[in-house]
Amino acid sequence: MVMLCFLLDLRTLSPPLLRDLKQSLLQLANFYAISCSGGHKSISKLKPLRDRIGICYVIRNRVSCSLEMKVAYRPSGNFSLRDFHHAVNNLPTDAFLPELNNNITIPCSDAHLETVLSDKVLYSWGGDNEDVGRKVIVVSSCLLENLDTVAKKTLTDAADKCVSVDFVLLEQVPNGVGSLSESINNFVKNICDLENCSFRNHLPDAKVLCILVKEWLNDLRDEAEELQVRLKFKKNILGSLNQICCNLIPSFNPIIDEFEPCKVCRCHGSLLDDGHGNKTMKSTCPVTGNELGTLDLVANSLKVGNQTVLLMPSFHCYTKLQHVTAPVDFSIVERTNLGSLSEGLILGTPFVVVPSTSNELDDTDQTELNYQVFHGLCNALHSLDQGLVCSSRCNTETMRETPFQCYYILLPSNNGVMLLRRLAGSEEVIPIADVSRSFDFTEVKDIRESVKASLLEIEVRDYNPIPHERGFHQKLNVLVKESLHFGSLPTTSEELPPEPTSTQIDSSNKSGPSKQSMGMLPSKEEIPPLDSKSGQDKITARITEEWEQLIVNEIPNIKSPTCVSKQKLDSLVILPLESNKPMDEKTSRILERLEVPRKLKAKVASPVIASSSAPTDACVSMKKPLIPFQSTQNSVIGTVASQPMKPNFQRLKRKK
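Residues numbered from 1 in each chain as written. Predicted model: local features only at pLDDT ≥ 70, side-chain atom pairs only at ≥ 80, totals over all residues. Heavy atoms only, no water.

J.: Can you walk me through the nonpolar core in this structure?
T.: A general trend in soluble globular proteins is that nonpolar side chains are found buried together. Core analysis: the largest hydrophobic core is formed by 38 residues, its most contacted members being F6, L8, L28 and F79. Secondary-structure elements contributing two or more residues to this core are β1 (2-9), α1 (15-34), β2 (53-60), α2 (81-89), β5 (133-140), β7 (163-170) and α6 (206-220). The element that contributes the greatest number of residues to this core is α1, accounting for 10 residues. Apart from residues lying up to four places away in sequence, F6 is in contact with L25, L28, I53, G54, I55, C56, I137 and W216. (Core = buried A, V, L, I, M, F, W, Y, C linked by side-chain atoms within 4.5 Å. Buried < 20%, exposed > 50% of the residue type's maximum accessible area, 1.4 Å probe, protein only. Helix = DSSP H or I, 4+ residues; strand = E, 2+ residues; numbered from the N terminus. Contact = heavy atoms within 4.5 Å.)

J.: Looking at this structure, how should I read the packing of aromatic side chains?
T.: Two aromatic rings are characterised by how far apart their centres lie and by the angle between their planes. Tallied over the entire structure, the rule returns 8 aromatic pairs. Ring centres 4.8 Å apart and planes at 75° place the aromatic pair F6 and W216 in the edge-to-face group. Pair noted here: F6 is in strand β1 and W216 is in helix α6, with a separation of 210 residues, a long-range link. Neither residue differs from the other here; F6 and W216 are each classed as buried. When the centroid spacing of 5.1 Å and the interplanar angle of 80° are considered together, the rings of Y73 and F84 count as edge-to-face. Taken together, the residues Y73 in strand β3 (residues 67-73) and F84 in helix α2 connect sequence positions 11 residues apart. Just as Y73 is buried, F84 falls in that class too. (Phe/Tyr/Trp six-rings, centres within 6.5 Å; stacked < 30°, edge-to-face > 60°.)

J.: Is there a simple way to think about a nonpolar patch on the surface in this case?
T.: Residues F472, L476, L479, V480 and L484 make up a contiguous nonpolar surface patch of roughly 470 Å² in combined accessible area. Structurally, F472 can be placed in helix α9 (residues 472-485). (Patch = residues over 30% accessible without salt bridge, like charges linked within 9 Å, V, L, I, M, F, W, Y side chains within 5 Å. Areas by Shrake-Rupley, 256 points an atom, 1.4 Å probe, with all protein chains shown as cover. Salt bridge = Lys/Arg side-chain N within 4 Å of Asp/Glu carboxyl O.)

J.: I keep staring at α2 and nothing clicks. Help me out?
T.: Think of an α-helix as turning once every 3.6 residues; residues three or four places apart then point the same way. Taken as a whole, α2 has its buried residues at L81, F84, A87 and V88. Buried residues in α2, looked at end-on, bunch into an arc of 125°, giving them a common side. Among the exposed residues of α2, those pointing more than 90 degrees away from its buried face are R82 and H86. Contacts made by the buried residues of α2 are with α1, β2, β3 and β13 (308-311). (Arc of directions from axis to C-beta.)

J.: Any chance you could explain the side chain of D9 here in plain terms?
T.: Residue placement: D9 occurs in strand β1. Taking the relative accessible area as the measure of exposure, D9 reaches 6% and is therefore buried. Other than its neighbours up to four places away in sequence, D9 contacts V58, I106, V139 and S140.

Written out as structure tokens, the structure is:
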């Protein structure tokens, strides 16, 4: 990031050239206004956009006929887009001197480099931030004569202060082309020993000025985040080399589609909205924190990007972008050769284009004709290896109508469908870094042949996404398998209620179904640990009691709840002994307890359980999640608790 100072020699710039140059400076300011180094962070956390552009110019005073250097825009504090536009639009347009039109060089003192590179101008800009670099861009249509000792000392001192000077010559194509080339060579020799100086000559063309604007914009912004990568080959590509180091550089920078309305404080002009466009609850100044009244607010403002605000008149009307409505019009602009189309300019989500079958084509003949014309267009473009450049007011990324033109490319295929991709406009293109270097042609040819031979060893085939799996399903299956290993906890709605005490068992039989009748098992917290032999005896006695209550009150419910048919329930009924031998009183009491209660028989006979369709729904609704794995000791207790032990009704022998 550097601070730019433009030094314009208005004496040598013709009115048409000055008009184009002024538009380029305004474009630079517009780009810088919407630039945001903070990404998508909240506006309250973003630093204000610092002022990093200055403009100076040289003119001849018509009264005294002396040369003067004036400052049109001085960077101070935060960047003001309105003030910058005002300064550029008010540059003198009558300072051009026709007598200098045929001159090739001008005296070095006329440029006033010593005045610009002084504490009064350039070195006083930037405020407390001394780490920021500075760059002076001298724009003229004439070369400077041989640099004298004073000029070279000034440029050398500027190099010690990390100030670079770029001389930009906008050629006017004079009559003596040979003289211009000789003067350019002499000027380059004079500055070749100065590392902080550079020289470039360009024709005053619109494309050239656009490239210069993008280069100046890169100087204003933070250093580009280049991602270093390595291309690794399975086999050596050249000798023992099996990798190539590269840098990833973005090729475009999308611009905004709309300017949002906002409110600012009148005292500092600070934005009162947060990063999401929501109005703050209290109208307070973001700088001082003081409460603001109605007269202290400027409601008619527009937010340009995230850090720039424009104050608008009260009669300004803002129209919010509307969602697109079908059908969307795409106007054909031109044909283009796909071989010349840079893939780096294609951006956005691709859309597959097929012939329409909507209700607009009511006639069957029209539908068939539309289908045939579409495939004819696709086949013709594919045979020519060309695509169609289209324009539309619809942004397919946001599906909104935008006041700016959006450009698209229609790509054909050999299977009867086409692809619509968005193209970057002139404002969104970022100039590619200069990678041209001089090589020995013989060495380059040998390396090219060797690399080509290595490439021929790599398998070649048409790309098919089916065999190129990214491993999503494999990774997710492993994660689910690991998750199943630990089981899953019951949800909050399925938490187990506390176990009723022995005094509550009899009352539960009268009032409602018990915990065993609801198909619930005792949780591990309810089972005391096996600390001693007496504790284990208590657990055994408790399990025996639960078995008896389970047999008397409800059917056994082991493992997950399942639906039991009537035939299985009937088989659970213990039939009386066929022997006519009279039973004693204890045996009769035991058999009476083991019989199925009448309430249970009524439930078995009910059509809800006996029907063929009900068991499936009942099973699904009563299904519970997996029980987490427990430790060794707890797992033993859980097994005993979930599988009732067979009761032993034999009377224990008394010890003698």
